[in-house]
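# A look at the structure
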Amino acid sequence: MPAVLHSDTIFALSSGHGRSGVAVVRVSGPAAGVAIQALTGAMPAQPRLAARRRILTPAGETIDDGLVLWFPAPASFTGEDVAEFHVHGGRAVVDALLAALGRLPGLRPAEAGEFTRRAVENGKFDLTQAEALADLINAETEAQRRQALRQYDGALTSLYEGWRMQLVGAAAWAEATIDFSDEELPAGIILAKAKAQAADVIDEVRTHLADARRGEILRDGFHLTVIGPPNSGKSSLVNAFARRDVAIVSEAAGTTRDVLEVHLDIGGYPVIVADTAGLHETSDAVESEGVRRAIVRAEQADAVLLLMDATTANPAGWPTRFGDKPVLEVWNKADLPHLERPGLAISVRTGAGMNELLVRIGLIVKETLAADSAAPLTRDRHRHTLGQAEQALTRALCAGAPELFAEELRMALRHLGRMTGRVDVEDLLDVIFGDFCIGK
Ligand SMILES: Nc1nc2c(ncn2[C@@H]2O[C@H](COP(=O)(O)OP(=O)(O)OP(=O)(O)O)[C@@H](O)[C@H]2O)c(=O)[nH]1
Ligand SMILES: [Mg+2]
């Protein structure tokens, strides 16, 4: 992506909102140095070394006693001149500093993701890395953090760039057969060679796409839906997982109507457990809507936990299989007299079997998400764009004429270029950076 020179200078609070020990306000653009001068009277003695300064309003009133850092272009996060003000993290301090910056000529508040967008525009990293940065900020579990960091380190960049280079090679062979077709070059042989190269890439792209959405599930969270007959203890189980009373529990059957979710960290993996309405025939409109939602949720889940009451017969007639997704059969209330059944017996009340249940859930999650590739794709955008590249390659391989082959190859190259942001992605940028928080 070509370097873009912005004439305006942006600023924002880059650390978290709300009270904190220290707040970091970042400024990026041509007037960043002027901002340091205006608010502290002098530049730090050295770039990238903190200087302790009194920070003043343009009118000369002290805002705070803090640190100032100066990162001259291009060795900064955005590639532009960047200033950082580290102040005490109180609302009034931060507001006063932001107001003072806003009064300087050429400065304006940053939009969501604008710092990262400028970094991409200045070639600091590519689109997949920018997306990974957003994921790193949002990562809640170890596995999510590791995945985001690998992508930020360029795992997808090097994969996609590698394919691009191979296809550029194949395209060059194809062009050669077109340009020199009058001379006695063995065009057929050269074209076959180019096609073999494209075929290698298409194999790799297909393997990459056929990953059972591992990267995406890890990024979004693994969805486990708890379903079962009324009163089997589904809400009690979800509360026990969450270690707080999220869902209403009562001995009346049909207590839960709406789907309710809790977010858990199981062995470093993000698991979103949904509590649902008990499955039973009912004339109550609200309850039957709850049953409908329960089934839909189970169908959409990555795995299902079928929770039944070990003390009663399980009413027949409800689905117990949901496609080929894993279904964990669990019998609750094992503290009461009950029949022996296949599957795991637990008691939410006494805690018996609960550890074993967590272990089993952890195994299912791990089996689903354990990566056999070091760099899984993580977003719909990746899947969609790569799918288009794959289709263009498929057409290329079927092409008889070298011109047609070369044309489809160029198409595939454009799609691959969109993955990393090498070609016309202006329309994509708003979507991608809109996901960011302000200050990043
Ligand atoms: N003895 C015993 N009772 C339990 C156990 N787990 C839950 N219960 C009781 O079973 C009743 C129903 O529990 P809930 O968690 O509301 O059951 P549910 O499956 O969510 O019920 P619905 O939302 O109506 O479908 C409550 O009175 C719970 O206290 C258990 O392990 N042992
Ligand atoms: Mg319930």
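### Remarks on the confidence of the model for the chain
Taken over all residues, the pLDDT of the chain has a mean of 90, while the share at 70 or more is 93%. Of all the helices and strands in the chain, helix 14 (residues 426-434) carries the lowest mean pLDDT, 63, while strand 4 (residues 62-71) carries the highest, 98.

### Notes on the environment of Thr40
Within the secondary structure, Thr40 is located in helix 1 (residues 32-40). A tally of 19 C-beta atoms within 10 Å means that Thr40 is categorised as partly exposed. Taking the C-alpha atoms as reference, Thr40 lies 26 Å from Arg118; in sequence the two are 78 residues apart. Sequence-distant contacts of Thr40, that is, excluding residues within four places in its chain, are made with Arg53, Ile55 and Val68.

### Digging into the sheet that holds strand 6 (residues 107-109)
On the basis of which strands lie adjacent, the open sheet formed by 6 strands has the order 3-4-5-2-1-6 and mixed pairing. Of all the strands in the sheet, just strand 3 (51-56) and strand 6 have a single pairing partner and so form its edges. Within this sheet the neighbouring strands show an average axis-to-axis angle of 30°, counted without direction. Examined bridge by bridge, strand 1 (residues 9-13) and strand 2 (residues 20-28) share 4 bridges and lie antiparallel to one another. Counterpart to Phe11 in the pairing with strand 2 is Val27. In the packing of helix 1 onto the sheet, the strands contacted are strand 1, strand 2, strand 3, strand 4, strand 5 (82-89) and strand 6, and the crossing angle to strand 5 comes to about 40°.

### Quick notes on the domain arrangement of the chain
Segmentation of the chain into domains returns domain 1 (9-125), domain 2 (132-211 + 376-420) and domain 3 (218-369). Between the C-alpha centres of domain 2 and domain 3 the distance comes to 42 Å. The partner domain 3 presents 7 residues to the 8 residues of domain 2 that form the contact. Per-element tally for the side of domain 2 that touches domain 3: the top contributor is helix 5 (residues 142-152), with 4 residues. Partitioning the side of domain 2 that touches domain 3 into residue classes produces 1 nonpolar, 4 polar and 3 charged.

### Comments concerning the pairing of strand 10 (residues 303-309)
Judged by how many residues are buried, strand 10 sits mostly within the fold: 7 of 7 residues are covered. Burial of strand 10 is two-sided: the residues Ala303, Leu305, Leu307 and Asp309 facing one way and the residues Val304, Leu306 and Met308 facing the other way are all buried. Pairing geometry for strand 7 (residues 222-227) and strand 10, over 4 bridges, is parallel. The residue bridging Ile227 from the neighbouring strand is Leu306, located in strand 10. Looking at chain direction, strand 10 and strand 11 (residues 327-332) are connected through 6 bridges and run parallel. Bridge assignment links Val304 to a residue of strand 11, and that residue is Val327.

### As for the packing of helix 7 (residues 187-209) against helix 13 (residues 402-420)
One way to put it is that helix 7 packs onto helix 13 with a least axis distance of 11 Å and a crossing angle of 25°. Between helix 7 and helix 13, the angle falls in the class roughly parallel. Viewed along their axes, helix 7 and helix 13 form a crossing whose handedness is left-handed. Across the interface between the two elements, Ala187, Leu191, Ala194, Lys195 and Ala198 from helix 7 touch Pro402, Phe405 and Leu409 from helix 13. By residue class, the composition of the contact of helix 7 with helix 13 is 7 nonpolar, no polar and 1 charged.

### Observations concerning the site of ligand 1
With respect to spatial proximity, 23 residues lie near ligand 1, and among them Gly233, Ser235, Ser236, Thr256 and Gly278 are the closest. Within the shell around ligand 1, the residues separate by chemical class into 6 nonpolar, 12 polar and 5 charged.

### Focus: the sheet that holds strand 9 (residues 269-275)
Consider a sheet: its strands pair through backbone hydrogen bonds, and that pairing is either parallel or antiparallel. The strand order across the open sheet built from 6 strands is 8-9-7-10-11-12, with neighbouring strands paired in mixed fashion. One side of each edge strand has no neighbouring strand; the edge strands of this open sheet are strand 8 (260-266) and strand 12 (344-345). Of the strand pairs in this sheet, strand 7 and strand 9 are connected by 5 bridges, and their pairing is parallel. Across the sheet, Thr225 pairs through a bridge with Ala274, a residue of strand 9. Of the strands in this sheet, strand 7, strand 8, strand 9, strand 10 and strand 11 touch helix 9 (residues 234-242), which is tilted by about 150° from strand 9.

Criteria and cut-off values
Residues numbered from 1 in each chain as written. Chains lettered and ligands numbered in written order. Predicted model: local features only at pLDDT ≥ 70, side-chain atom pairs only at ≥ 80, totals over all residues. pLDDT = per-residue confidence, 0-100. Helix = DSSP H or I, 4+ residues; strand = E, 2+ residues; numbered from the N terminus. Buried ≥ 20, exposed ≤ 12 C-beta atoms within 10 Å, placed from the backbone. Contact = placed C-beta atoms within 7 Å. Pairing = 2+ DSSP bridges. Axes fitted to C-alpha atoms, helices over the stretch in contact; angles between N-to-C directions. Domains from an automatic or database assignment. Nonpolar A, V, L, I, M, F, W, Y, C, P; charged D, E, K, R; others polar. Parallel < 35°, antiparallel > 145°, perpendicular 65-115°, else oblique. Left-handed = near helix turned anticlockwise from the far one by under 90°. Near = placed C-beta within 6 Å.

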